Structure formats: structure tokens, C-alpha cells
Amino acid sequence: MDNINAGDTAWLIVATGLVLMMTPALAFFYGGMVRKKNALSTLNLSIVTMGVISIQWVLYGYTLAFGQSMGGFVGGLNFLGLNGVGAAPNADYAATIPHLLFAAYQMMFAVITPALITGAFVERIKFKTYLVFILLWATLVYDPLAHWVWGVGGFLRSMGALDFAGGTVVHVSAGFSALAFALAIGPRRWFGRAPMEPHNIPFTILGAGLLWVGWFGFNGGSALAANGLAVYALVNTNTAAAAAGLVWMFLTWQDGKPSVLGFVTGAVVGLVAITPAAGFVTPMSAILIGALAAPISYYAMRLRQRRNLDESLDVWACHGMGGAWGALATGLFATKTINEAGADGLFYGNVAQFGIQAVALIIAIAFAFGITFVLTKALNAVWGLRVSPNAEEVGLDISEHGEQAYA
Amino acid sequence: MTKKIEAIIREEKLNDVKEALRRIGIVGMNVVEVRGHGHQGGIELVGRQGTYYVDLLPRIQLNIVLSDHNVEPTIEAISDAARTGGIGDGLIFVYPVEEVIRIRTGERGRDALTYEDDIDTRRQKIPVRNGVNGGNGVKVS
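Definitions and limits used
Residues numbered from 1 in each chain as written. Chains lettered and ligands numbered in written order. Predicted model: local features only at pLDDT ≥ 70, side-chain atom pairs only at ≥ 80, totals over all residues. Heavy atoms only, no water. Helix = DSSP H or I, 4+ residues; strand = E, 2+ residues; numbered from the N terminus. Rg over C-alpha atoms; globule rule 2.2 N^0.38 Å. Buried < 20%, exposed > 50% of the residue type's maximum accessible area, 1.4 Å probe, protein only. Contact = heavy atoms within 4.5 Å. Areas by Shrake-Rupley, 256 points an atom, 1.4 Å probe, with all protein chains shown as cover. Lys, Arg positive; Asp, Glu negative; His and termini not counted. Charge placed at Lys NZ, Arg CZ, Asp CG, Glu CD. Salt bridge = Lys/Arg side-chain N within 4 Å of Asp/Glu carboxyl O. Polar contact = N/O pair within 3.5 Å; in protein donor to acceptor, adjacent residues only side chain to side chain. Nonpolar A, V, L, I, M, F, W, Y, C, P; charged D, E, K, R; others polar. Axes fitted to C-alpha atoms, helices over the stretch in contact; angles between N-to-C directions. Parallel < 35°, antiparallel > 145°, perpendicular 65-115°, else oblique. Left-handed = near helix turned anticlockwise from the far one by under 90°. 1 Å grid on protein atoms, 1.4 Å probe; cavity = no way out; pocket = protein on both sides within 12 Å on 5 of 7 lines; lining within 4 Å. Points joined across faces, edges and corners; volume = space filled by probe spheres on them. Pairing = 2+ DSSP bridges.

## Some words on the overall build of chain A
Next, step 1: When its secondary structure is counted, chain A shows 14 helices and 2 strands.
Next, step 2: Taken over C-alpha atoms, the radius of gyration comes to 20 Å for chain A, in line with the 22 Å a tight globule of 407 residues would show.
Next, step 3: When the backbone C-alpha atoms are referred to their principal axes, chain A occupies close to 60 × 50 × 35 Å.
Next, step 4: When the 407 residues of chain A are sorted by exposure, 59% land in the buried category.
Next, step 5: If you take every contact in chain A between residues at least 6 apart in sequence, the share linking residues at least 24 apart comes to 76%.
Next, step 6: As presented, chain A carries roughly 14,400 Å² of accessible surface, and 69% of it is formed by carbon and sulfur atoms.
Next, step 7: Averaging the locations of the 18 positively and 18 negatively charged side chains of chain A gives two centres separated by 13 Å.

## Topic: the environment of V94(B)
Residues and elements named next belong to chain B.
Next, step 1: Within the secondary structure, V94 sits in strand β6 (residues 91-97).
Next, step 2: We classify V94 as partly exposed; its relative accessible area is 35%.
Next, step 3: With 31 residues separating them in the primary sequence, V94 and N63 have C-alpha atoms 9.9 Å apart.
Next, step 4: Leaving out residues up to four positions away in the same chain, V94 has contacts with K3, K4, I5, V71 and I75.

## As for the interface of chain A and chain B
Next, step 1: Each partner contributes to the interface: chain A provides 14 residues, whereas chain B provides 8 residues.
Next, step 2: Counting every contact that joins chain A to chain B gives 1 salt bridge.
Next, step 3: The salt bridge involving K36(A) is made with E33(B); its shortest N-O contact spans 3.2 Å.
Next, step 4: The tally of links from chain A across to chain B stands at 2 residue pairs in polar contact (both at pLDDT 80 or more).
Next, step 5: Of all the secondary-structure elements, those providing two or more residues to the side of chain A that touches chain B are α13 (389-394) and α14 (396-401) of chain A.
Next, step 6: A per-element tally of the side of chain A that touches chain B places α13(A) first, with 3 residues.
Next, step 7: Taken together, the residues that form the side of chain A that touches chain B break down as 6 nonpolar, 4 polar and 4 charged.

## Remarks on the pattern of salt bridges
Next, step 1: Following the criterion strictly, the structure yields 18 salt bridges over all chains and no others.
Next, step 2: The salt bridge partner of R188(A) is E123(A), with a shortest N-O separation of 2.3 Å. In this pair, R188(A) is assigned in the loop between α6 (167-185) and α7 (201-220) and E123(A) in the loop between α3 (99-117) and α4 (127-150), connecting sequence segments 65 residues apart.
Next, step 3: A relative accessible area of 9% means that R188(A) is categorised as buried.
Next, step 4: We classify E123(A) as buried; its relative accessible area is 1%.
Next, step 5: Put simply, K3(B) and D68(B) hold a salt bridge, and the shortest N to O gap is 2.8 Å.

## Examining the packing of α6(A) against helix α12 (residues 351-382) of chain A
Residues and elements named next belong to chain A.
Next, step 1: With their axes 8 Å apart at the nearest point, α6 and α12 run at an angle of 40° to one another. The angle between α6 and α12 falls in the class oblique. Taken as a pair, α6 and α12 cross one another with a handedness that is right-handed. Contacts between α6 and α12 involve T168, V172, S173, F176, S177, L179, A180, F181, L183 and A184 from the first element and L361, A364, I365, A368, F369, T372, F373 and T376 from the second.
Next, step 2: Here the residues of the contact of α6 with α12 sort into 13 nonpolar, 5 polar and no charged.

## Describing the layout of surface pockets
Next, step 1: Of the pockets and cavities examined, the largest pocket occupies roughly 1,200 Å³.
Next, step 2: In terms of lining, the largest pocket is formed by 39 residues, of which the most central are K37(A), E393(A), V394(A), E11(B) and E12(B).
Next, step 3: Only α13 and α14 of chain A together with α1 (14-24), β2 (30-36), β3 (43-47) and β5 (57-67) of chain B provide two or more residues apiece to the lining of the largest pocket.
Next, step 4: The biggest single contributor to the lining of the largest pocket is β2(B), with 5 residues.

## Brief notes about the pairing of strand β4 (residues 50-54) of chain B
The side chains of a regular strand alternate between the sheet's two faces.
Next, step 1: Bridging between β3(B) and β4(B) involves 5 bridges; their strand directions are antiparallel. Following the sheet pairing, V46(B) is matched in β4(B) by T51(B).

## Some details on unusual backbone geometry
Residue and element names in this part refer to chain A.
Next, step 1: Of note in the backbone geometry, W190 takes a positive phi value of approximately 70° without being a glycine.
Next, step 2: By secondary structure assignment, the location of W190 is in the loop between α6 and α7.
Next, step 3: Residue classification places W190 among the buried positions, given a relative accessible area of 6%.
Next, step 4: Not every positive phi belongs to a glycine, and N308 is a case in point at roughly 60°.
Next, step 5: Along the polypeptide, N308 turns up in the loop between α10 (283-306) and α11 (315-333).
Next, step 6: Given the relative accessible area of 51%, N308 is considered exposed.

## Considering the packing of α3(A) against α6(A)
Residue and element names in this part refer to chain A.
Next, step 1: At a minimum axis separation of 8 Å, α3 and α6 run at an interaxial angle of 25°. When the interaxial angle is binned, α3 and α6 end up roughly parallel. For the element pair α3 and α6, the recorded crossing hand is right-handed. On α6, the residues that touch F109, T113, L116 and I117 of α3 are V169, V170, H171, S173, A174, S177 and A178.
Next, step 2: Each residue belonging to the contact of α3 with α6 can be placed in one class, and the counts come to 7 nonpolar, 4 polar and no charged.

Below, the structure written as C-alpha cells:
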């Protein structure tokens with residue numbers, strides 16, 4: 001107990017709250033982009049992860065991710081039911097805050113990650129199947145991957161892969177799982193033949209704004225202390241979001257008019273891209289990471305549209321490709337002058353780090369995409385992924401929940 | 001003579017009906033979101049303490065103004081596309097229209113109703129291709 005630092009603990013309690021807030025923020029970010037008849041359903045897909053994953057994490061999620069490593073692939077069961085996770089610090093992860101606070105902080109990451117995937121299959125997903133999906137996905141994809149990258153003894157961590165706040169664990173895994181899910185579930189009825197306009201862009205802006213704020217906790221908190229590194233992470237986060245938002249706005253301007261939805265989408269992509277790098281790079285590098293993330297995701301989105309793939313809210317383009325760029329960029333721009341515990345990247349003379357980042361990225365993509373694809377095929381065979389055509393036309397608010405967003 | 005079709009349909013059938021109308025060449029319409037009920041009453045929705053009853057349901061009202069001879073095919077297209085067989089499929093009303101004026105040009109009557117690729121142009125084109133004069137002689141400007 002004597003090692004507890006009040007400043008660190010206070011900051012991490014606040015950061016935990018900030019990251020929790022990102023899930024309802026995401027609900028509004030996505031909820032604004034769907035049609036009116038699916039507004040509640042879409043909000044609910046995000047919100048309900050706060051129920052399901054919170055319980056899963058306490059019961060066994062935390063121990064699968066951060067328990068005693070079993071061969072570097074998954075955590076053992078020593079923290080089952082948060083057994084032995086209490087007020088005393090765990091020096092393996094955060095030596096100056098209660099171990100339970102570390103577990104709670106990590107819980108919020110586990111909660112938001114499956115919610116990110118929901119953008120792929122809004123407006124047609126069968127709720128019952130979805131509940132089973134997030135539980136299985138958290139167990140089979142998120143928890144092992146978190147262990148590989150962050151767990152002591154995890155094999156990607158041992159390899160030297162850098163992921164400050166979850167670019168690979170959260171965003172790449174969600175983005176490529178979204179791609180797999182979209183391929184499995186197929187397009188919405190009338191996709192490409194009838195307009196599917198966002199029903200409330202102000203909701204989306206509200207959500208993006210709250211995500212931006214919450215990301216200070218997501219990245220700043222990942223320093224696991226109230227120190228200079230947390231401030232670097234916070235400033236890098238803000239800088240990359242700003243750069244990516246502006247570049248995205250100019251890209252839409254080039255193709256027509258400066259889009260408001262474009263600016264906030266770009267900002268989120270910038271936040272995604274800086275996530276793995278936030279505690280390893282300089283603010284000047286953060287500008288470049290954000291500025292380059294925007295065209296990468298923007299043209300990934302255009303490619304997705306040209307291929308006529310209904311990955312409805314572009315989770316793959318924004319989180320998958322933005323996260324992939326962030327993981328690689330960490331291998332380019334990382335410098336020990338910011339974080340001694342990190343490594344130098346390619347631009348600081350360490351070519352090997354870029355290779356490590358690329359290998360870790362490919363492994364994460366293959367794992368998340370592969371498991372999700374198999375999982376969705378299996379769930380489709382057992383319960384079906386989609387609602388009936390008529391239920392889809394009526395809208396999921398009424399057909400799945402018997403409620404309407406706007407009376 | 002000119003008629004106005006006012007069709008009350010299920011919200012979820014709007015895309016199907018629009019598609020069916022587009023296929024026969026109906027290019028102009030306006031759509032109003034309305035609420036109402038016929039003799040079937042309402043539905044139960046779910047709240048946080050169980051269910052409650054909603055008696056006015058959302059419906060779509062389509063307004064289409066067209067020439068007499070196009071009324072029957074249009075009714076047929078709407079009915080086929082909007083029908084589920086369940087109670088609440090809706091109603092179609094047909095009214096006489098006194099006059100139509102296109103504001104931009106001041107055109108009146110049929111001239112104000114015709115467009116490129118509308119239902120009458122199509123009817124003219126098909127017979128011409130087959131070498132049979134089955135058109136109705138409406139001029140398209």
C-alpha cells in the first residue's frame with residue numbers, strides 16, 4: 001500500500017471515467033449516422049456492451065488478459081472473479097495505483113472495443129445473436145490479443161511491439177473484425193438503390209466531441225501516472241485529431257464542399273492513429289501521423305464504396321486502416337527522448353522497430369479477421385445474423401425493441 | 001382530365017412502392033409522413049415498465065397527379081407493392097383535379113404534367129419501337 005501515489009490514483013480514476021464516457025459517446029457518433037427507424041437500436045448496440053462486458057471482465061475477462069501468462073498466449077485464471085485484485089498495487093502493470101484501479105481502467109477499453117465493431121452491421125443485426133457475439137468476441141479475440149500486447153509475458157510484448165493505448169488491441173482488431181462481419185452479414189436492403197442518409201448529424205458531432213475529450217483519458221491515462229508522459233500523450237492526441245480533422249475536411253472540399261461530418265470523422269481517425277504512438281512520439285510527429293491518417297482512411301472509405309461493400313459506418317476504413325497506420329507510424333516516429341521505456345523508430349535509426357510493428361500488425365489483423373469470420377459464420381448457422389426483411393424495413397427500433405426514438 | 005391519387009401506405013413499403021412507380025415511369029410525387037389508423041386500431045410498444053398502447057401509427061401519404069388514362073396502372077403498381085396481406089396495408093383515394101399550373105413556365109393542364117421519361121413518353125416510345133401506333137398522342141416538351 002505504501003507505494004500508492006495519490007496524484008497517479010486520482011488521475012487514473014478520472015481517466016477511467018473519461019474512457020467509460022467514450023462508449024455512450026460512440027453510441028451517439030454512430031446513432032446519428034443511421035436512419036431514424038434504427039436510432040435506438042444503434043445507440044443500444046454500443047450502450048449494452050457496458051452491461052455485458054463489464055460483467056464478463058469482472059468474472060473472467062481481466063484474468064484472461066492480465067493473469068499469469070500461459071505460454072504468452074493467454075492469461076491464466078489467477079485473477080478469476082478479480083480474486084486478489086484489490087487496493088494494493090501490482091508492480092507488473094502500475095506500481096503506484098491500486099491494482100483494482102488498473103483492472104477498472106482496462107475494463108473500459110474492453111467495453112468500448114466490441115461497441116466499435118457495431119458500425120459494420122447496424123440496421124440489420126439480430127439483437128439476440130449480437131449479445132452472444134460480443135460475449136464470444138471479447139473472450140476469443142479481445143482478451144487474448146490484450147494479453148499478447150500488454151500482458152507480462154504476452155508474446156507480442158516480449159517481441160518488443162509498441163502499442164501505447166491500444167491501436168492494435170482496440171482499433172485494428174475492431175476494424176478488421178468489422179470487415180469480416182460485414183462480409184458475413186451482407187448489405188442492408190436497398191443498399192446502393194435508395195438513399196441511406198444520416199438522420200441526425202448533430203448527434204454524430206456531439207458523439208465525436210465527447211470521444212475527443214474521452215480520448216484524453218484513453219491515451220493520457222495509458223501513462224498510468226500523472227506525469228510528463230501523460231501530458232505528452234494528451235498533447236499528441238489533441239494535435240493528431242486536429243490535423244486529421246482539417247485534412248479530411250480539405251479532402252471533402254476537394255471533392256465538393258467542406259463537410260462537417262467529414263471534419264469530425266477525420267478527427268476520430270486522427271485519434272485512432274495516434275493511439276498506439278501517443279506516448280512515444282513528439283507533437284511534431286503527431287501532426288504528421290494525424291495528417292497522413294486522414295487520406296489513408298478517406299481513400300479506404302472510397303475504395304469500400306466502389307466495391308459496393310456495405311460496411312455501413314466504415315469501421316474498417318476509420319479504425320482498421322487508421323489503427324494500422326498508427327501501428328506502423330509508431331515504428332517510424334517513436335523516440336526514446338519522449339519515453340525511455342519505449343524504443344526508437346525507423347526515423348531515429350532503429351529499422352528493426354518498424355519490422356516488429358509490421359509483424360505484430362499482420363498477426364493482429366489475421367487473428368481478429370479470421371476468428372471473427374469463423375465466429376459470424378457459426379452464429380449465422382445457429383441463430384442467424386440478420387432480422388427478417390420485413391423487420392428490417394420496419395426498422396429495428398420497433399421490430400427488435402418495441403420502442404421508437406421519436407414519438 | 002386530370003386526377004390526383006392519394007395513397008396511404010405503410011412506412012416500410014415506401015421503397016418498394018417508389019421502385020414500382022419508377023418502373024412504370026411515374027417520375028413526380030410528393031410524400032408526407034402522416035399518423036393515423038383505420039378500423040384496426042394501434043399497436044403495443046414497450047416501455048421500461050412493460051407495454052403501452054399507441055393508437056396513431058406512422059404512415060406515408062403519397063400524392064401523385066396524373067392523366068386519367070394513367071390512373072389504373074398506377075393504382076395497380078401501388079397496390080401490388082404496398083400489399084402485405086395484413087390489416088393496415090392502407091387505402092388509395094382518387095380525386096378529380098381542376099387545374100395544374102407549372103410555376104416555372106406558366107404551363108397549364110397536361111403540358112404542366114409531362115416530363116422527359118414520364119409514363120406517357122414511355123408509352124409512346126414502346127409502340128414506335130414495335131412499329132405500332134399505340135401512343136396516346138400527348139406532346140412532350
